[in-house]
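# Fold and geometry: a report
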Amino acid sequence: MSTQPPHWLLKRLRSVWRRWSLWGLLVALVAAMLVTLVWLAGRYEASVVQGKLERDAADAVADIRMALARNLLNLQALQSLQMGPPDAQRWESQAVALLREHRELVRIEWRTPALRLQAHANSPFQAIAWPDGARVEPHSDTALACTNARRLSGPAYSSSYFQPHGDGMGSELIELCLPPSAADKNAGYLVATYSLQGMLSEMIDHRLTRRQEVSFTEADGTRLALVGAARRSAHMFSARELIDLPGHTMVLRLDHWHTAPSLFPNVLTALVTAMSIALVTVLVVLVRDNRRRLKAERELGDAFAFRKAMEDSLVTGLRARDLQGRITYVNPAFCEMVGFSAQELLGQSTNAPYWPPELAEEYWQRQAVRLAGNAPPREGFESVFMRKDGTRFPVLIIEAPLINAVGQHTGWMSAFIDISEQRRVEELSRASQERLQATARLATVGEMASLLSHELNQPLAAISSYATGSLNLLAAVQGADAGTLQTDLQDLRTAIERIAQQAERAGRVIKSVHDFVRRRDQAREAVPAQELLGDVLPLVNLQARKLGVRVQVDVEPGLPPALCDRVMVEQVLLNLARNAMQAMDDPSIRERTLEIRVRRAASNAHSAWLEFTLSDGGIGISEETAQKLFTPFFTTRTEGMGLGLSLCRTVVEQHGGFLGHKPRHPRGTVFTFTLPAASQEGQN
Ligand code: ADP
């Protein structure tokens, strides 16, 4: 046995996987977009901060350059005092003034061309412990700077060096050396010492140092001097700028701490994120909506398929018309019924092709009545349609108004049932029923033939004896005198009258049989019970006399007439009476009485019923016989046909009544059947 999962399961799994993988892809794409957006926004903000920092660094360098250039001019002015007849005192006072104005300068020296200290002034703001107190000997960096200056014939800066203050602290210093001017070679050098710390705090715009740390560093990043104390946080931005001075190059570094970029660095990012979330939400809602719509569509599809299957399997034709009478829908059964295709029928509003031309006028009127809004009878009505080949067939039409979803009446829906087959079967059964009844009646007549001869014997014997008597009287008349002639003629008249009476009686007997066989009026009519009995009693009596049965008739006075098919009911009565009498045709039975009673049966307000009872004292009906009693062709008599009771029941049931039997005490059987009373009586 194969362990492979079934094909449909694989297909379903694949489709589920495809749907979910699409979903996953979508979610991943949106997430990637979001992350990229946030990252880009962060990057942008960082670049903005970095750019600003670099601009600040450039500004700071420009500030320093400008300040150094300005100082250089002041120092050159001071150096001019060293020329001509040098004025040491003035030089010193000017140098002190300069130092007071410029805190970044810590010392100014006047040195001879041989770098011997001529005069000097110290900054009043900073006390630096020089190695030999007054720093008579030049610092090695000073000597280097001055050598450079002379070589360049312009000011030169030394590299920075650390000078302890003596109190455990110290400063990073840098020397500027101005060479003696070309005009006076003896004027000597002017050496100015800058404090790097001072340069940072004095030369740079304070707005820069407030927000960020500004420092001079060495090439390897070692800090030499630092101002500003920016608030430190996670993200540090840093910018470096070179200050290229004659003889020395310094590095200015700006450090800036920024809280951003965080996850939502700014409103833009937040906005984009919010919009993305909204987008995803809308997407999810849309997808859910879509899924619901798909489900509804699927259900609708199923319902539609179900409806279609139902319509196609229907044998009932369906047709819808709008309020203008145009055909808007026909089902396959209808098309098959009339033999036209749906295309030939749809949209038709003139004479429908299935209307027989001779009836079209009537159908138009019927349609006009319908379109005027008159609802047809709920149980439907019968009509005749024509097939494409011109044959007519009867249909049962059931119509109902078409109401749309908003409760508006939009047309009519009709259901059609082809009743030609039903008609044919009805016709067949009616014909066979009639044939059966005729046969049964003839059989009864056949049975009666012997009774007839017996019955006719009496009047015929009477007639013959009267005739003989009359002949005798006629012979007597010839020889009679006037006195007896009158009496003889009177007797003769009486005899001939009796003959006529007996002949009439015989005629009646024959007529009653003739009537019974020939009468074929099927309509139901109101017939008094007395009349029904009156018609069958002559025939019943024929047999009764032969079998020595006493017939007792008891009709309740004031009964309404029965609403029935007279001939049929008479036959029922005759059959039951005959069966009853035959049951008593047994040598053991002495007391032979047939009781026929008619009474009012249990009735309600809407209908009244008559109950006919025929009781005999015959042999009775055994349990076994009772079971087959109403089966056609069941009989216990050699000359019987076994159709009587089955026909009786059919007739009674056709009238809506009931036929039954029960045993009678001490012996015999009681047959009972009911018939509806005529309606005007029933309402009383
Ligand atoms: P048929 O009279 O031709 O035999 P029916 O259908 O009238 O056919 O009767 C069927 C049978 O029912 C009879 O043969 C008889 O045995 C039985 N039967 C009918 N009526 C009575 C009755 N009143 N008492 C006893 N048996 C009866």
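Residues numbered from 1 in each chain as written. Predicted model: local features only at pLDDT ≥ 70, side-chain atom pairs only at ≥ 80, totals over all residues. Heavy atoms only, no water.

### So, the site of the ligand
How we decide: One heavy atom within 4 Å of a molecule or strand is enough for the residue carrying it to be called near that molecule or strand. Polar contacts, as used here, are pairs of N or O atoms within 3.5 Å; protein pairs need one atom able to donate a hydrogen and one able to accept it. Residues neighboring in sequence count only if both atoms are side-chain atoms. Each accessible area is a Shrake-Rupley estimate made with a 1.4 Å probe; only the visible protein chains count as cover when residues are assessed. A run of H or I in DSSP counts as a helix once it spans at least four residues, and a run of E counts as a strand once it spans at least two, with each numbered from the N terminus.
In the vicinity of the ligand there are 20 residues, among which Asn579, Thr635, Thr636, Gly642 and Leu645 approach most closely. Between Asp616 and the ligand, the recorded distance is 3.0 Å, taken from a side-chain N or O atom to a nitrogen atom. The contact in question runs from an oxygen atom of the ligand to an N or O atom on the backbone of Leu645, over 2.8 Å. About the coverage of the ligand: the protein hides 95% of its 540 Å² of free accessible area. Of all the elements in the fold, those that place two or more residues in the shell around the ligand are helix H13 (566–583), helix H15 (644–654) and strand S22 (669–676). With 4 residues, the single largest contributor to the shell around the ligand is H13.

### Description of the environment of Leu226
The line we're drawing: Type-normalised accessible area, obtained with a 1.4 Å probe on protein chains alone, sets the label of each residue: buried when under 20%, exposed when over 50%, and partly exposed for intermediate values.
Take Leu226: it is sitting in strand S8 (residues 223–227). By relative accessible area, which is 34% here, Leu226 ends up partly exposed. With 335 residues separating them in the primary sequence, Leu226 and Pro561 have C-alpha atoms 137 Å apart.

### Let's talk about the sheet that holds strand S10 (residues 248–258)
What counts, and what does not: Strands pair, by our definition, only if DSSP identifies at least two bridges between them. All axes are obtained by fitting lines to C-alpha atoms, using only the stretch in contact for helices, and the reported angles, taken between N-to-C directions, cover 0 to 180 degrees. Any pair of residues with heavy atoms lying within 4.5 Å of one another is described as a contacting pair.
Read across the open sheet, the 4 strands follow the order S8-S7-S10-S9; overall the sheet is antiparallel. The open sheet is flanked by S8 and strand S9 (235–245), the only strands paired with a single partner. The average undirected angle you get between the axes of adjacent strands in this sheet is 20°. Here strand S7 (residues 213–217) pairs with S8 via 4 bridges, running antiparallel. For Thr217, the partnering residue across the bridge sits in S8 and is Arg223. Its contacts with the sheet put helix H1 (residues 7–79) on S7, S9 and S10, and the angle it makes with S9 is roughly 30°. Lying on the sheet, helix H4 (residues 196–203) is in contact with S7, S8 and S10; it crosses S8 at an angle near 30°.

### Considerations on H15
Those residues of H15 that fall on the buried side of the exposure criterion are Gly644, Leu645, Ser646, Leu647, Cys648, Val651 and Val652. Once H15 finishes, Gly656 follows within two positions and takes phi at roughly 85°, a positive value.

### So, the state of the cysteines
Disulfides are covalent bonds that link the sulfur atoms of two cysteine residues. Stated precisely, the cut-off is as follows: The disulfide criterion used throughout: a pair of cysteine sulfur atoms within 2.5 Å.
Summed over the entire model, instances satisfying the criterion amount to 1 disulfide. Covalent S-S linkage joins Cys146 and Cys177, the inter-sulfur distance amounting to 2.1 Å. Around the S-S axis, the bridge from Cys146 to Cys177 shows a dihedral of about 105° and counts as right-handed. With Cys146 in helix H3 (residues 140–152) and Cys177 in strand S5 (residues 170–178), the pair connects residues that are 31 residues apart, well separated along the chain. The exposure class assigned to Cys177 is buried, which follows from its relative accessible area of 0%. Of the cysteine sulfurs around Cys564, a residue in no disulfide, the closest is that of Cys648, at 14 Å.

### Notes on the sheet that holds strand S19 (residues 593–600)
Read across the sheet, 5 strands follow the order S17-S19-S20-S22-S21 without closing on themselves; strand pairing throughout is mixed. Either end of the sheet is taken by a strand with one partner, and the two such strands are strand S17 (550–555) and strand S21 (659–663). Between one strand and the next, the sheet's axes are offset by a mean angle of 15°, whatever the strand orientation. Against the sheet, H13 contacts S19, strand S20 (609–615), S21 and S22, and its axis sits at roughly 175° relative to S22.

### A few points about a nonpolar patch on the surface
Short version of the rule: Each patch is built from residues lacking any salt bridge and having more than 30% relative accessible area; the joining distance is 9 Å for like charges and 5 Å for nonpolar side chains (Val, Leu, Ile, Met, Phe, Trp, Tyr). Salt bridges are defined by distance alone: a side-chain nitrogen of Lys or Arg within 4 Å of a carboxyl oxygen of Asp or Glu.
The grouping of Trp8, Leu9 and Leu13 at the surface amounts to a nonpolar patch, some 320 Å² of accessible area in total. Note that Leu9 resides in helix H1. Among the residues examined, Leu9 registers a relative accessible area of 31% and is labelled partly exposed.

### Topic: the packing of H13 against H15
Under the convention used in this document: A clockwise turn of the near helix away from the far one marks a right-handed crossing, whereas an anticlockwise turn of less than a right angle marks a left-handed crossing. Residues are grouped as follows: nonpolar covers Ala, Val, Leu, Ile, Met, Phe, Trp, Tyr, Cys and Pro; charged covers Asp, Glu, Lys and Arg; every other residue, Gly included, is treated as polar.
Axis separation between H13 and H15 bottoms out at 9 Å; the angle between their running directions is 145°. Every pair of crossing elements has a handedness; the one defined by H13 and H15 is left-handed. For the pair H13 and H15, the contacting residues are Met568, Val569, Val572, Asn575, Leu576 and Asn579 in the first and Gly644, Leu645, Cys648, Val651 and Val652 in the second. A per-class count over the contact of H13 with H15 returns 8 nonpolar, 3 polar and no charged.

### With respect to the confidence of the model for the protein
Note the cut-off: For every residue, the predictor states its confidence as a pLDDT score lying anywhere from 0 to 100.
The predicted model of the protein has a mean per-residue pLDDT of 84, with 92% of residues at 70 or higher. Across the protein, the element-wise mean pLDDT spans from 51 in helix H16 (residues 679–682) up to 95 in S22.

### Concerning unusual backbone geometry
With an omega of 0°, the peptide bond running from His665 to Pro666 counts as cis. As for its position among the elements, Pro666 is in the loop between S21 and S22. Of note, the phi angle at Leu115 is positive, near 65°, even though the residue is not glycine. The topology assignment puts Leu115 in the loop between strand S1 (105–111) and strand S2 (117–122). Overall, the relative accessible area of 16% leaves Leu115 in the buried class. One non-glycine residue, Ser153, adopts positive backbone phi at about 55°.

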